Amino acid sequence: MRVISGSAKSLRLKTPRGNDTRPTTDRIKETLFNIIASQIPGSIVLDLFAGSGGLGIEALSRGAGFACFIENNHDACKCIAENLNFTKMSDRAVLLRRDVMSGLHYLHTVSEIKDKCFDLIFIDPPYDGGYEEKIFAFLAEQKYIGENTLIILEAEAGIEPNCFLKNNFIIEKEKVYKTNKHLFIRKLFRKQ
């Protein structure tokens, strides 16, 4: 796995051994980042189930201002830290070694993002874990989700997104690959 573009272009990233993480392939990552290219410069990024940190690091390489990584697996956290050091991006990132729900509760204490909204949120959960409904129910109530926050969920190709819609989220776009897809999601805000 490598960084596709930007300041760390072509640098190879470490990935954790075993099957506990599922790195996004370079081809799918390139397609994804071509879709969101205009939203990256200066953005504040959240990478959930971060694995090796490939998505957040790609965003930083392309000009994101800051990235927060949430990952619970010890080996994966070690890879993220090593990848951030290797790409010289540690000064624009924070790594929270926590399970995702605990990490989402803890975000308000991260000084670099205090009182700010995330611009991009990457969610790449285990496909059979059933995390989506809990995560979107929680995100629906958070002040760090704003009108311009774009949430990108990687999911199995056949997933039904009903759990997001009932929490005032809409799917703006869907990009389907062979076995998985990206859903581009925003929260609906009521006009006052």
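Structure's up top.
Residues numbered from 1 in each chain as written. Predicted model: local features only at pLDDT ≥ 70, side-chain atom pairs only at ≥ 80, totals over all residues. Heavy atoms only, no water.

**Student:** Lay out helix H3 (residues 74–86) in plain terms, naming residues and giving numbers.
**Tutor:** For H3, built from 13 residues, the straight-helix expectation of 18 Å at 1.5 Å per residue is met to within 8% by its first-to-last C-alpha distance of 18 Å. Where H3 is concerned, the buried positions are Ala76, Cys77, Cys79, Ile80, Asn83 and Leu84. Looking straight down H3, one finds that the buried residues subtend no more than 160° of arc, so they occupy a single side. Residues of H3 that are buried sit in contact with helix H2 (54–61), strand S2 (66–71) and strand S3 (93–97). Two or three places before aspartate 75, at the opening of H3, asparagine 73 has a side-chain oxygen 2.9 Å from that residue's backbone nitrogen. (Helix = DSSP H or I, 4+ residues; strand = E, 2+ residues; numbered from the N terminus. Expected span 1.5 Å × (residues − 1). Buried < 20%, exposed > 50% of the residue type's maximum accessible area, 1.4 Å probe, protein only. Arc of directions from axis to C-beta. Contact = heavy atoms within 4.5 Å. Polar contact = N/O pair within 3.5 Å; in protein donor to acceptor, adjacent residues only side chain to side chain.)

**Student:** Lay out the pattern of salt bridges with the relevant residues and their values.
**Tutor:** In total, this model carries five salt bridges according to the counting rule given. The shortest N-O distance in the salt bridge between arginine 186 and glutamate 172 comes to 2.9 Å. With arginine 186 in strand S7 (residues 180–187) and glutamate 172 in strand S6 (residues 169–176), this pair connects stretches of sequence that are 14 residues apart. Classification of glutamate 172 by relative accessible area gives partly exposed; the value is 47%. Here glutamate 174 makes a salt bridge to lysine 181, at a shortest N to O gap of 3.3 Å. Taking the relative accessible area as the measure of exposure, glutamate 174 reaches 40% and is therefore partly exposed. What makes lysine 181 buried here is its relative accessible area of 5%. Ionic contacts of the salt-bridge type, sharing partners, join the residues Lys29, Glu58 and Arg62 into one network. (Salt bridge = Lys/Arg side-chain N within 4 Å of Asp/Glu carboxyl O.)

**Student:** Summarise the pairing of S6; cite the residues concerned and give the values.
**Tutor:** Examined bridge by bridge, S6 and S7 share seven bridges and lie antiparallel to one another. Within the sheet, the bridge partner assigned to lysine 175 lies in S7 and is histidine 182. Turn length for the S6-S7 hairpin, with the two strands adjacent in sequence and antiparallel, is three residues. (Pairing = 2+ DSSP bridges.)

**Student:** Which residues make up the packing of aromatic side chains, and what values do they have?
**Tutor:** Scanning the entire structure with this criterion turns up four aromatic pairs. Between phenylalanine 33 and phenylalanine 122 the ring centres are 5.6 Å apart and the planes differ by 40°, which places this aromatic pair in the tilted class. One end of the pair, phenylalanine 33, is in helix H1 (residues 26–35); the other, phenylalanine 122, is in strand S4 (residues 118–123), and 89 residues separate them in sequence. Consider the rings of phenylalanine 49 and tyrosine 131, whose centres lie 5.0 Å apart with planes at 65°: the pair is edge-to-face. Separated by 82 residues along the polypeptide, phenylalanine 49 in the loop between strand S1 (44–48) and H2 and tyrosine 131 in the loop between S4 and helix H5 (132–139) bring together distant segments of the chain. Geometry around tyrosine 106 places arginine 98 over its ring, the cationic atom sitting 3.8 Å from the centre. (Phe/Tyr/Trp six-rings, centres within 6.5 Å; stacked < 30°, edge-to-face > 60°. Lys NZ or Arg CZ within 6 Å of the ring centre and 35° of its normal.)

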